[in-house]
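Architecture and fold: a report
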Amino acid sequence: MKRVNYYIASALILATSCTSPTNWFDEKDGVPPGPVSNVQVENLNGGAKISYTLPSDNDLLGVKVAYTLTDGGQVLEKYASAGYNYVELEGFGDTKKHSVTVYAVDKSENISTGVTATIEPLIPPISLMRETLKAGPTFGGVSLSWDNEYGKDMGVSLFVKDKETGDMQLFDTYFSNSKDGKVIFRPFDPTEQEYRIEMFDRWKNYAEVMETSLVPLAEQELPGRIGSQYIWSLFDDSNWLYRGEIHNDPTNTTYSGRKFELVHDGKGQSNSANTYWNPGDDGVSIEKYIPGAGSKLIPFPLYFTIDMGQKGVYSRFNLKPRLRTPNYSAAIPCDFEIWATNDPKLTTEVGDGSREANLAYWTSWEEANGTDAWKQDGWVKIATCKLVLSSGVSKYTEGMALSDEDVQNYTKNGFDFDINEGVTEGYRYLRWVINDTNTGQKLITICEMTFWGSYAE
């Protein structure tokens, strides 16, 4: 009986598999759908939202709107599926009246009769950006800033007047969709020059041109050493444990060759242990800083303080990381702050001068009851820095692919950061607060560090 049932079942399956497949697709027809109705217009900045009531056709695919951005211009089409009852148009560079036509489209690609509507776009986003555009001199260049409320793609070009021909020559163009737009064009000499600034959107709508004359601020590299004479050093070498700072630990023979002085030796990047600064390692225990705290690793943030040797007004700086394969896999700061002062408290001046009192004052570590009280004691935050690759990410993940630009920055150019604009006072001491590294490791590997600006005295 079981064998008979098996053969019967097999025959049924075979018979079923030999039948013609069902056509699950709707057959094409030549009947256009009904038109849309109840068309409503909501004018937007640089465009409009067209709402409508869909026809009741069973085979309705969606709606298209035909329009031109300029009188007599190319006819463009914008589509929406039958799941929506509106279409948004954008790209208009004026506030004139424009005629648009709305069509229903079915699955046979039949098109209904059109329904015409008139839109009158509000001020284009690029013109709104132009209203907020500010230009001013900065160290070694020209600083531009603007608001991009709607986060639209845009570009800004800087032209410089050629002193020989009198013609405006394109210097560079910057593209962005950041809501807080900002760019600094460098380098320029500290002499008065005439500039022209043009802003445009993705549809090549241009805002009103800005013409200005500016004198960029003088800027120079602030060297970490001259010849064999060191200018920079780590602050208060003997009490670094009291401040919870990573340091050149003389007892750490494994990393004894990786001294801070090497970040400004001018030898460039390398993967060699004696050409970059690695002041700690992932195995450092908080026991070293807080006796009795156990073997837990030191927490973020990591701290260190540089004595720059003299007061400087800082404009920007560059970090060149340790070279390592794969690219970007060496631990470098990716989220950090720089604070400045001319009068740092000595550890003997904090509370009773004990390590416990100092760690509570100088850190935010929970294990040390840290309060970061030093930040309210004469220190000024001069930079908030995020290392962001062209892809928009900052963290390293195994196997991640870098763009050509990112590889060039990692292996040659380094990463540039700006000091907050408006910081015009000169400071001697810079304290770094490192909240995270690209690998998440609690160590930093910097081959070279370069600052620019001017000396305050």
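What you are looking at is a predicted structure, and each value in this text was computed from that prediction instead of being measured.

Looking only at helices and strands, the chain has 4 helices and 24 strands in total. By residue count, 44% of the 457 residues in the chain fall in the buried class. Long-range contacts, defined here as pairs at least 24 residues apart, represent 71% of the contacts in the chain between residues at least 6 apart.

Here we take up the confidence of the model for the chain. On average, the chain scores 88 in pLDDT, and the residues at 70 or more come to 89%. Within the model, the stretch residues 1–19 combines pLDDT values under 50 with 0 contacts to residues more than four positions away or in other chains.

This part covers the environment of Val263. The topology assignment puts Val263 in the loop between β18 (233–234) and β19 (302–321). Take Val263: its relative accessible area is 0%, and that puts it in the buried class. Along the chain, Val263 and Thr450 lie 187 residues apart, while their C-alpha atoms are 8.5 Å from each other.

In this section: the pairing of β19. In terms of residue burial, β19 counts as a mostly covered element, since 16 of its 20 residues are buried. Where β18 meets β19, 2 bridges bridge the pair, whose relative direction is antiparallel. If you follow Ser233 over to β19, its bridge partner there is Asp307. Bridge analysis of β19 against strand β24 (residues 446–455) gives 9 bridges, and the strand direction is antiparallel. Across the sheet, residue Lys320 finds its bridge partner in β24, namely Glu448. Where β19 and strand β22 (residues 415–418) come together, 4 bridges link them in antiparallel fashion. Counterpart to Asn318 in the pairing with β22 is Asp416.

A few words on the packing of aromatic side chains. Across all of its chains, the model carries 27 aromatic pairs by this definition. With 5.6 Å between their ring centres and 70° between their planes, Tyr314 and Phe451 make a pair best called edge-to-face. One end of the pair, Tyr314, is in strand β19; the other, Phe451, is in strand β24, with 137 residues separating them in the sequence. Comparing Tyr314 with Phe451, the two get one shared label, buried. Through successive ring pairs, a cluster of aromatic residues spans Trp232, Phe304, Tyr314, Phe317, Phe336, Phe417, Trp432 and Phe451.

Structurally, Asn205 can be placed in the loop between β13 (193–201) and β14 (210–214). Along the primary structure Asn205 and Gly93 are separated by 112 residues, whereas in three dimensions their C-alpha atoms are 5.4 Å apart. Once you skip the residues sitting within four places of it in the chain, Asn205 turns out to touch Gly91, Phe92, Gly93, Ile126, Met199 and Phe200.

Glancing now at the side chain of Ser108. Its place among the elements puts Ser108 in the loop between β6 (98–106) and β7 (115–119). Within the structure, the side chain of Ser108 is placed 3.0 Å from the backbone nitrogen of Asp29, a separation counted as a polar contact.

With respect to topology, 4 strands assemble into an open sheet ordered β4-β3-β6-β7, the strand pairing being antiparallel. The open sheet terminates on both sides in strands that have one partner only, identified here as β4 (76–81) and β7. For this sheet, the mean angle separating the axes of adjacent strands, direction not counted, is 30°.

What links the strands of a sheet is backbone hydrogen bonding, and the strands pair in either a parallel or an antiparallel sense. Within the open sheet, the 4 strands sit side by side as β11-β10-β13-β14. Their pairing is antiparallel. Each having just a single partner strand, β11 (168–176) and β14 make up the two edges of the open sheet. Put simply, the sheet's adjacent strands are angled 25° from each other on average, direction ignored. Here 7 bridges tie strand β10 (residues 154–161) to β13, and the two strands are oriented antiparallel to one another. Note on β13: the bridge partner recorded for Met154 is Asp201.

What counts, and at which threshold
- Residues numbered from 1 in each chain as written.
- Predicted model: local features only at pLDDT ≥ 70, side-chain atom pairs only at ≥ 80, totals over all residues.
- Heavy atoms only, no water.
- Helix = DSSP H or I, 4+ residues; strand = E, 2+ residues; numbered from the N terminus.
- Buried < 20%, exposed > 50% of the residue type's maximum accessible area, 1.4 Å probe, protein only.
- Contact = heavy atoms within 4.5 Å.
- pLDDT = per-residue confidence, 0-100.
- Pairing = 2+ DSSP bridges.
- Phe/Tyr/Trp six-rings, centres within 6.5 Å; stacked < 30°, edge-to-face > 60°.
- Polar contact = N/O pair within 3.5 Å; in protein donor to acceptor, adjacent residues only side chain to side chain.
- Axes fitted to C-alpha atoms, helices over the stretch in contact; angles between N-to-C directions.

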